[in-house]
Amino acid sequence: MVTFVDRVTLHLSAGKGGNGCVSVKREKFKPMAGPDGGNGGHGGDIVLVADPQVTTLLSYHHSPHRSGGNGGFGMGDHRSGAAGEAVELVVPVGTVVKDVSGETLVDMVEPGMRFIVAPGGIGGLGNASLANQKRKAPGFALLGTPGWEGDVLLELKTVADVALVGYPSAGKSSLIAAISAARPKIADYPFTTLHPNLGVVQAGDVRYTVADVPGLIEGASEGKGLGLEFLRHVERCTALVHVLDCATLEPGRDPLSDLEVILAELAAYPVPEGQLPLLDRPQIVALNKVDVPEARDLADLVRPELEARGYRVFEISTVSHEGLRQLTYALGDIVAAHRVAEAAKPVVDRVVIRPHGSEREFTIRVEGGTYGDIYRVLGAKPLRWVQQTDFQNEEAVGYLADRLDKLGVEDQLFKSGAQPGSTVVIGEGDGVIFDWQPSLGSIAELATAPRGTDPRVDVNPRRTTSERRERYYERMDAKSEARAELETERIAAKSRQNGQDDEEQV
Ligand SMILES: Nc1nc2c(ncn2[C@@H]2O[C@H](COP(=O)(O)OP(=O)(O)OP(=O)(O)O)[C@@H](O)[C@H]2O)c(=O)[nH]1
Ligand SMILES: [Mg+2]
């Protein structure tokens, strides 16, 4: 099957962010004059740009691997690393970008549209940027994160500049075969062509593509024949050629009424918003099969009428090749003029950023493992933070723990049932594996006591003021209770005594 779709898979790797720098400023009489490590540069993005001058994805078939430049490392004395070089990949207008699962990421419909298909990594902060009131001299910096890496699919639906439309057996496939290298099936029964064919025509300096679509009949817009479905493929064409059969022997058919029928069907076709209705585009009439004498007579007969309606008319034969050169040159002129007009249009400045899930969110997935449950933390932020962490540096690990804690990861781990010593993995696959307590250890806080204390380690014999106060009240309460008890007992005893006295008196 010859299809219209030009497809290519790109293998992309955006630039890596440069690492931040750990450095301390030294002055003559002030050897520790504060942190001055600069930030790493961002990695270069890979950007797709819709360019009306580009018509095929050919260059990507030849070299599908593209990568952005890496960001430079930060340096001492507050010097930032250079940003990695961004890569621009020009694609034809109308290219659809899909991810590996086939889902559409963006449709590059407007000239000039830019799509950051692979964002570069983020440069790591240097220790100067990480310093604040509390943390005056950070002994760590953040690492640069890797740039986006993966495959995307580019698909170019119809690039046809010219579409051939007409009744079945009018000779559309024969025409495309005669003017291009396309070799579609040709036969004298209707609906020979079941799928659109594409051919490339060279007319002088102009090179353009021609689409041969399945034949249309009356009622096609209501689904008769093969329907209008295939007109989807010519939605973006510049010009139409009405191929009219002058040699048909079918009753009730002649070039003029055939044209009426086709025009009515084309008018019923709804083009997508923002595109010119099919019949508002340049149209040319090709009166075909003039190698047959009767056909030639008929063509001569209808020609003035068609010209009176404003059409440019060409009498052609795909058998003798008569009139083909004139037709292809006329089409070339239309296409070239259209391209000039398109290029002159102001390009939109629209940048589309690759969609990704909400930044804030993270999830925890509990997975069963041979050595007990594994708690997997998934989310863009935790993942990035892990990438930014230099695990050789304890301070950096502590900083990571604080960030995760602040996001609520610790809390959530605890709620999901993680215990001290549980295996926690951040990210998919192998990710980064922690034994929870030793590296991130704030379970103690969540379970019993504040950070920095562990009830099993520090058993402090000294009581706090509030504890002492509480004990005091407890003691006082107990005392007053005891006193009250004694009092009631005394009263009771007294009344008993009195009773006895009364009895004695009696
Ligand atoms: N004599 C003559 N016959 C032609 C000419 N062009 C096409 N034919 C014949 O017309 C018949 C139909 O040609 P196709 O090119 O298959 O027609 P089509 O328009 O593609 O038809 P569908 O695919 O069914 O829509 C074939 O038998 C061709 O040989 C021509 O210029 N002269
Ligand atoms: Mg055909």
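These numbers were taken from a predicted model, which means no experiment stands behind them.

The rules behind the values
Residues numbered from 1 in each chain as written. Chains lettered and ligands numbered in written order. Predicted model: local features only at pLDDT ≥ 70, side-chain atom pairs only at ≥ 80, totals over all residues. Helix = DSSP H or I, 4+ residues; strand = E, 2+ residues; numbered from the N terminus. Buried ≥ 20, exposed ≤ 12 C-beta atoms within 10 Å, placed from the backbone. Pairing = 2+ DSSP bridges. Axes fitted to C-alpha atoms, helices over the stretch in contact; angles between N-to-C directions. UniProt positions renumbered as here; feature names shortened; annotations may be inferred. Core = buried A, V, L, I, M, F, W, Y, C linked by C-beta atoms within 7 Å. Contact = placed C-beta atoms within 7 Å. Expected span 1.5 Å × (residues − 1). Bend = angle between axes of the 7 residues up to and from the residue.

Summing up its helical and strand segments, the protein has 12 helices and 19 strands in all. Taking all 506 residues of the protein together, the buried fraction comes to 37%.

Turning next to the sheet that holds strand β8 (residues 149–156). Pairing in this open sheet of 5 strands is mixed, and the strands run β3-β1-β8-β5-β6 from one edge to the other. Looking at strand neighbours, the two that pair on one side only are β3 (65–67) and β6 (104–108), the edges of this open sheet. Between one strand axis and the next, the sheet turns through 25° on average, direction left out of account. Bridge analysis of strand β1 (residues 6–13) against β3 gives 3 bridges, and the strand direction is parallel. Within β3, the position partnered with S13 by the bridge is S67.

UniProt records the feature "binding site: Mg(2+)" (unreviewed entry) for S173 and T193 in the present numbering. These annotated residues cover 21 residues of sequence, and their C-alpha atoms all fall within 7.5 Å of one another, placing them together at a single site. Position of S173 relative to the elements: it lies in helix α3 (residues 172–179). Residue S173 is classed as buried on the basis of its C-beta count, with 26 C-beta atoms lying within 10 Å.

Core analysis: the largest hydrophobic core is formed by 46 residues, its most contacted members being V162, A163, L164, V210, A211, A286 and L287. The leading source of residues in this core is strand β12 (residues 239–245), at 5 residues. The residues touching L287, leaving out its near neighbours within four places in the chain, are L244, C246, P255, A299, R303, V313, E315 and I316.

Attention shifts here to the sheet that holds strand β19 (residues 432–435). Backbone hydrogen bonds hold the strands of a sheet together, and the pairing may be parallel or antiparallel. In spatial order, the strands read β16-β17-β18-β19; together these 4 strands make up an open sheet with mixed pairing. The sheet terminates laterally at β16 (363–369) and β19, the two strands that pair on one side only. Here the strands of the sheet are splayed against their neighbours by 25° on average, with no regard to which way each runs. Taken together, the 4 bridges between strand β18 (residues 423–426) and β19 define a ladder with antiparallel strand orientation. Counted as the bridge partner of T423 is D435 from β19.

On to helix α5 (residues 293–308), then. Three or four residues apart is the spacing at which side chains of an α-helix point the same way, because the helix has 3.6 residues per turn. Its 16 residues place the ends of α5 24 Å apart at the C-alpha level, agreeing with the 22 Å of an ideal helix rising 1.5 Å per residue. The largest bend in α5 comes to about 35°, at V302, with the proline P304 one to four residues further on. Every buried residue of α5 is accounted for by A295, L298 and A299. Each element contacted by the buried residues of α5 is listed here: α4 (255–267), β13 (283–288) and β14 (312–315). Positive backbone phi, at 100°, marks G310, one or two positions downstream of α5.

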